[in-house]
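# Architecture and fold: a report
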Amino acid sequence: MEQYISLAHGDGGELSHRLIRDLFVEAFGDGKAAMFDAAEITLTSQQIAVSTDSFVIKPIFFPGGSIGKLAVAGTVNDLAVSGAKPAFLTCGFVIEEGFSISDLKIIVSDMANEARKTGVSIVAGDTKVVERGSADGVYINTTGIGIYESGIGCSLLFEEGDAIIVTGSIGDHGVAVLAARGELGITVPIESDCASLNRMLGEVLHHSGGVRIMRDPTRGGLATTLVEIAEDFHITMKINEIDLPVKEEVHGVCDLLGFDPLYLANEGKSIIIVSNEEKEKVLDIIREFPEGQDAVIIGSITGKQKGQLLLETPLGSKRLLNRLSGTMFPRIC
């Protein structure tokens, strides 16, 4: 196989065929299926969830992951927090002429490994090649299909006293990617939290009937995600600054650069709002998984109708939190 991507890899001819057969089908398929224009999959009569996402992260390799791992985990998590069991993925690649095929192999291998871990099948895909300078290496789009299981899911019925749980430390992904860019001359010994959470969240839903909602706080961070929930469902939430799980390395970078960890991206964390009666049970389930060992309760629902998020400081004062305004830094996922 050639060392670099050429425009001929995208023209539908022999090089396209070999790239798809020897790289993508080899990684994602069983090696036996003919390359039809559509995948045939079997679904049950149950309701399904569909989610799509595009990944343009810079750099494409970062501590704790790659654009390939992120493309699978990101879409799997979107399905999982919706209460669905992820089953199938499709993937589309936009590859720049001159991109290293050895790097592409690593990306595809990362996708295959993550899909294998999560139990989803990558069943269809597409590859396009653009001229040198028209893209930044490689972009990936994934679409996921998940299945809703009868009687299992989020109720969306909020009550005062419901607990707000975050499944681990916040801001790890944002800081890891920022440091990997090397633009600010900082070195931070921290890895992205990039991970698929479907098995952990599936266990929560199977064993607790008190889950109100689950969300993954990616772009915009924890605060933006909670503000969206508060506004969408007209509830008031209060989180306690002293309870926020933030690693010292993340605090250090935020203090140095003027960032707020509440607004940094995460790619392996979930917010779970659960009834007060079920909160300890849910915490115990989450902490059985490596991705949830640092899970904590950070606040609660304090009222209805207003649709706002309040942060209580260690001094007892409260301030209103809003969505992220502007962009801390782009190309984070």
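As the structure is a computational prediction, the values presented were derived from the model and not from experiment.

## What to know about the sheet that holds strand β12 (residues 308-312)
- The seven strands lie next to each other as β8-β10-β7-β11-β9-β12-β13, forming an open sheet whose pairing is mixed. Looking at which strands have only one partner, the edges of the open sheet turn out to be β8 (211-215) and β13 (318-321). With strand direction ignored, the average angle separating the axes of adjacent strands in the sheet is 25°.
- Note: strand β9 (residues 235-240) against strand β11 (residues 296-304), five bridges, orientation antiparallel. Pairing of Ile235 across the sheet is with Lys304, part of β11.

## Thoughts on the packing of aromatic side chains
- Under the definition given, this model contains three aromatic pairs.
- Taking 6.4 Å as the distance between ring centres and 35° as the angle between the ring planes, the aromatic pair formed by Phe24 and Phe28 counts as tilted. Of this pair, Phe24 and Phe28 both sit in helix α1 (residues 14-28), four residues apart, which is roughly one turn of that helix.
- On the numbers, 5.0 Å between centres and 50° between planes, the contact of Phe158 with Phe233 is tilted. Of this pair, Phe158 sits in the loop between β6 (138-147) and β7 (163-166) while Phe233 sits in helix α6 (residues 221-233), placing them 75 residues apart in sequence.
- Residue classification places Phe233 among the partly exposed positions, given a relative accessible area of 30%.
- Three or more aromatic residues link up through ring pairs in this structure, and these residues are Phe24, Phe28 and Phe93.

Calculation criteria
- Numbers given for residues are sequential positions, taken from 1 along each chain in its written order.
- Local features in this predicted model are restricted to residues whose pLDDT is 70 or higher, and side-chain atom pairs enter the listing and the counts only when it is 80 or higher, whereas totals over whole chains, interfaces and linings include all residues.
- Think of the side-chain values as coming from all heavy atoms in the structure, minus any hydrogens and water.
- Strand pairing is defined by DSSP finding a minimum of two bridges between the two strands.
- Numbering goes from the N terminus for both helices and strands, where a helix is a DSSP run of H or I of at least four residues and a strand is a run of E of at least two.
- To obtain an axis, a line is fitted to C-alpha atoms, over the contacting stretch when the element is a helix, and the angle between two such axes runs from 0 to 180 degrees between their N-to-C directions.
- In this scheme Phe, Tyr and Trp rings, the latter by its six-membered ring, pair at centre separations within 6.5 Å, and the angle between planes marks the pair as stacked below 30 degrees, edge-to-face above 60, and tilted otherwise.
- Relative accessibility thresholds used throughout: buried, under 20% of the residue-type maximum; exposed, over 50%; partly exposed, between the two (1.4 Å probe, protein chains only).

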